[in-house]
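# Fold and contact review
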Amino acid sequence: MVEIELDGQKVEVPPGSMVMHAAEKAGTYIPHFCYHKKLSIAASCRMCLVEVEKAPKPMPACATPVTMGMIVRTKSDKAIKAQKSVMEFLLINHPLDCPICDQGGECQLQDLAVGYGGGASRYEEEKRVVFHKNVGPLISMEEMSRCIHCTRCVRFGQEIAGVMELGMSNRGEHAEIETFVGQSVDSELSGNMIDICPVGALTSKPFRYSARTWELSRRKSVSPHDSTGANLIVQVKNHQVMRVVPLENDAVNECWIADRDRFSYEALNGEDRLTQPMLKQGGEWQTVDWQTALEYVANGLKCVKDKHGAAAIGLLASPHSTVEELSLAGALVRGLGSENIDSRLRHADFGNAAPAGQARWLGRPIAELSQLQRVLVVGSNLRKDHPLFAQRIRQAARKGCQVNVLAAQAPDWAMSLKNVLLADSSVWVSALAGVAAAVAAEAGVQPPVAGSITDEARAVAKSLLGGDQKAVLLGNAAAHHEKASSLLALANWIAQQTGASVGYLTEAANTVGAQLVRAVPGQGGLNATQMLGGQLKAAILLNTEPAFDSAKGAEGLKSADMVVTLSPFKANMDISDVLLPIAPFTETSGSFVNAEGRLQSFHAVVRPLGDTRPAWKVLRVLGNLMGLPGFDADTSQAVLAAALPGVAGGSLMAASRLSNSDAGVGPAAADHSPAHTAPCVAPIYQLDGLVRRATSLQLTSDARGARA
């Protein structure tokens, strides 16, 4: 450790640290704009000038390495004078439009100008004006005259998003931040540029001019989209969600969120919201009260059970539903005597399931993805399926991690890839068997199966046999593959021989939780494909739209006597007989279990819209109307305690609850015959009902180019 004296206080920091790091450790604030703890050091704003003893002039704290015995003064007359001089220069060209600026109230420049700015300007020349730019539907660059050239947005694109979409052109007072040749900003992480911009140059286009920051109340929540479980701060005004920003949690999402976490809130206030129960009578939809709707459902389920038996009743649930909702959904179906419940709507190999009471998972903590030295990713469009996992692996790649890929198309992950093994999805089992055979040949062991060793397979094997921190990760396409069991068996063998962990990236916010609370068929139950194939007489659809969320589609449900949809939106109207309005994640309390097995609970941040009710309450009342036992919980916390006893919020699941074992298939039994169908994988902005209805997200280039 290196010891320095900072404002008379002794501080120890690791060698290579900067004065800014020492100040952070000591709790001393040094004003700054361009410095950000997650980005490289630019030292371009000069606001952090401090006095260093024996230095001839003030030095930038963010770019001055510490040396043993260094004496630093951050509040001396020399330091303060330097900081005030820099602030005067920064304000020379800055427009005086704080009253109409969206950044007003949370602007670093505004805050520091109070402490370091002058009462009047000595500058009398004309101020520069920068022409506005249109860079897409998410980020507004309408007032780039406010830009102070800190280059945070440029460095974020290069280092975190992996795509340098913004850069600085020209020099001096003619310098501008802009895209190349008038292109739009299309990164799936682009909204983070809004957060890190210290002034009002980059602002949120959907939020623009809709509220003042001091009018907003702030409440914690958890993202309901992908399996990261990103922590959010939802900002609310007049019982309406106005903005979503990240809540820092280094173990999960650091200080970033994906654009679909940030902008999907638009759907919460959209015209497609369902606010009252509805029944279809004579082909026409009629609005009814809750009592009428629930009694209609209860009587309909009883009639189907009496006429066709309990096996004719089934429930299809979205893995974006909460632990509480899925737990009560399973209790409802099983209380009626049926085992027909499934949340694996896009799967094709239903034999690939964890043992009862356990779940497939990531195989390691999310934070450890940043420390990987070798990784093999099988069947994933990593950058679009899991933007924040991709960001962590991108950081690992910047530090030398060798990223190996088995995919159907050349991936564009905005990171350096060591080896890419291209193969049509129908022959992925054979391709992975080739990698296993190459690992066996390199390690001098008996191969588990016969496989042709190509040059690419040998290169992947050599990569995996090096390094220490290693992982074999199976993506959404591998999980939804027709031969998912064979892929997992081979992945487990490769991981065992190379000393790697094996895990599923997992698709949705609660894919792991759905397995833990048995939102999967029991003994003799029908899986999602069978239920959607027309084998049900009564179907309950929880928070899902089979036409978009399943590989099979919704045609098979048209032959059912009754279809009940529980959704926040007017969904499935062509096949449903009853629509029950349930609360989205912002209007209900609940819990998700993310890919690493971390249970994260959240509360409602706004009151339910119209006559909307939390789904767990609707299911509880439905169970009461049908006289089923176990439906007496009066809070979502009580439902959670019964569903996952002994698990505290924020904690990781015990290893006994998580398993990526190959369910007895074994690599020797891997099926090498070509698959007949391609895996069903949702595009980035078609993953769930919220993102499908978020207007701004649907205007992005990713949404326009999406193919189901």
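Counting from 1, residues in each chain are numbered in the order their sequence is written. Owing to the predicted nature of the model, reporting of local features is limited to residues with pLDDT of at least 70; listing and counting of side-chain atom pairs is limited to 80 or more, with chain, interface and lining totals taken over all residues. Water and hydrogen atoms were dropped before computing side-chain values, which therefore reflect all heavy atoms in the structure.

Turning our attention to the packing of aromatic side chains. Side-chain rings of Phe, Tyr and Trp, where Trp is taken by its six-membered ring, are said to pair if the distance between their centres is within 6.5 Å; with planes under 30 degrees apart they count as stacked, over 60 as edge-to-face, and otherwise as tilted. Per the counting criterion, the structure on display carries 2 aromatic pairs. With a centroid separation of 5.2 Å and 35 degrees between ring planes, the pair formed by F592 and F602 is classed as tilted. With F592 in strand β26 (residues 590-593) and F602 in strand β27 (residues 599-602), this residue pair connects regions lying 10 residues apart in the sequence. Of the two residues, F592 and F602, both sit in the buried class. Charges are assigned to positions over rings by a cutoff of 6 Å between ring centre and Lys NZ or Arg CZ, combined with an angular limit of 35 degrees from the ring normal. In this structure, R243 packs its charged tip against the face of F207, placed 4.4 Å from the ring centre. Note on conventions: DSSP H or I runs of at least 4 residues are helices, E runs of at least 2 residues are strands, and numbering of each starts at the N terminus. Accessible area is worked out with a 1.4 Å probe on protein chains only. A residue is then buried under 20% of its type maximum, exposed over 50%, and partly exposed in between.

Every buried residue belonging to helix α12 (residues 455-464) is among A457, V460, A461, S463 and L464, and all of these are buried. Summarising the axial view, the buried residues of α12 lie within an arc of 160 degrees, below the 170-degree limit, and thus occupy one face. Contacts were defined at the residue level, with two residues in contact if any of their heavy atoms lie within 4.5 Å. Next to the buried residues of α12 lie β18 (374-378), β19 (402-407), β20 (419-422), α11 (428-443), β21 (470-474) and α14 (484-498). To obtain the arc, one takes the directions from the helix axis to the C-beta atoms.

Here a strand pair is declared whenever DSSP counts at least two bridges between the two strands. Strand order in this open sheet of 5 strands is β2-β1-β5-β3-β4, and the pairing throughout is mixed. The open sheet has two edge strands, β2 (9-13) and β4 (59-60), and neither has a second partner. Judged from the 2 bridges that link them, strand β3 (residues 49-52) and strand β5 (residues 71-73) form a sheet pairing that is antiparallel. Each bridged residue has a counterpart across the sheet, and for E51 the counterpart in β5 is R73.

Nonpolar side chains collect at one region of the surface, where M164, F180 and V181 lie side by side and expose about 320 Å² of accessible area between them. Looking at the element boundaries, V181 is found in the loop between β9 (176-179) and α5 (192-196). The patch calculation keeps residues exceeding 30% relative accessible area without a salt bridge and links them within 9 Å when they carry like charges or within 5 Å when they are nonpolar (Val, Leu, Ile, Met, Phe, Trp, Tyr). Accessible areas in this description were obtained via Shrake-Rupley with a 1.4 Å probe; residue shielding takes into account the shown protein chains only. Note on definitions: salt bridges are taken to be side-chain nitrogens of Lys or Arg within 4 Å of carboxyl oxygens of Asp or Glu.

Further remarks concern the pattern of salt bridges. Side-chain pairs of opposite charge can arise whenever the charged atoms involved come near each other. The tally for this structure, following the rule as stated, stands at 35 salt bridges. Between D195 and R262 there is a salt bridge whose closest N-O contact spans 2.6 Å. In this pair, D195 is assigned in helix α5 and R262 in helix α6 (residues 259-263), connecting sequence segments 67 residues apart. Under the relative-accessibility criterion, D195 is labelled partly exposed at 32%.

This brings us to the packing of helix α2 (residues 77-92) against helix α3 (residues 108-116). Only the stretch in contact is used when a helix axis is fitted, and all axes are lines through C-alpha atoms; the angle between N-to-C directions ranges over 0 to 180 degrees. Between α2 and α3, the least distance of the axes is 10 Å, while the angle of their chain directions is 130 degrees. Comparing their axes, α3 and α2 come out oblique. Crossing angle aside, the handedness with which α2 passes α3 is left-handed. Taking contact as the criterion, the partners of I80, Q83, K84, M87 and L91 in α2 are, on α3, L109, L112, A113, G115 and Y116. Should an angle fall under 35 degrees it is taken as roughly parallel, and over 145 as roughly antiparallel, whereas 65 to 115 is taken as roughly perpendicular and any remaining angle as oblique. Working rule for handedness: look at the near helix, and if it is turned counterclockwise from the far one by less than a right angle, call the crossing left-handed; if clockwise, right-handed.

Residues belong to one nonpolar core when they are buried, are Ala, Val, Leu, Ile, Met, Phe, Trp, Tyr or Cys, and are joined through side-chain atoms within 4.5 Å. Core analysis: the biggest nonpolar cluster contains 75 residues, and F33, M47, I139, F156, L166 and L202 have the highest contact counts within it. Elements with a contribution of two residues or more to this core: α2, α3, β7 (139-141), α4 (152-161), α5, β12 (231-237), β13 (240-246) and α20 (689-692). Looking at this core, the element that brings in the most residues is α4, giving 5 residues. Summarising the domain contributions, this core has at least three residues from each of domain 1 (2-92) and domain 2 (278-355 + 518-653). Not counting residues within four places of it along the chain, the set of residues in contact with M47 comprises P31, H32, F33, Q83, V86, M87, L90, L112 and Y116. Note: domain ranges come from an automatic or database domain assignment.

Spatial ordering of the open sheet is given by β6-β7-β10, a layout of 3 strands whose pairing is antiparallel. The two strands at the open ends of the sheet, each matched to only one other strand, are β6 (133-134) and β10 (203-204). In this structure, β7 lies alongside β10, joined through 2 bridges in antiparallel fashion. What sits directly across from I139, in β10, is S204.

Moving on to α2. A rise of 1.5 Å per residue sets the reference length of α2, with its 16 residues, at 22 Å; its end C-alpha atoms lie 23 Å apart and thus fit the reference within 8%. Within the span of α2, buried status applies to A79, A82, Q83, V86, M87, L90 and I92. Tucked into the core, α2 has its buried residues touching β3, β5 and α3. The length a helix should cover is 1.5 Å for every residue beyond the first.

Turning our attention to the environment of S636. Mapping S636 onto the fold places it in helix α19 (residues 636-643). In the structure, S636 is positioned 35 residues away from S601 in sequence and 9.9 Å away in space, judged by C-alpha atoms. Among all residues touching S636, those that are not within four sequence positions of it are E324, S589, G590 and W616. Definition of a polar contact: a pair of N or O atoms within 3.5 Å, with one able to donate and the other able to accept a hydrogen when the atoms are protein atoms, and with sequence-neighbouring residues admitted only if both atoms are side-chain atoms. Looking at S636, its side chain comes within polar contact range of the side chain of S589, at 2.7 Å.

A few words on the pairing of β21. Counting buried residues along β21, 5 of its 5 residues qualify, which places the element largely inside the surrounding structure. Burial along β21 is two-sided: K470, V472 and L474 facing one way and A471 and L473 facing the other are all buried. Note that β18 and β21 share 5 bridges and pair parallel. The partner of V377 across the bridge, within β21, is L473. In the sheet, β21 pairs with strand β22 (residues 501-504) via 4 bridges, with the strands oriented parallel. Following the sheet pairing, A471 is matched in β22 by S501.

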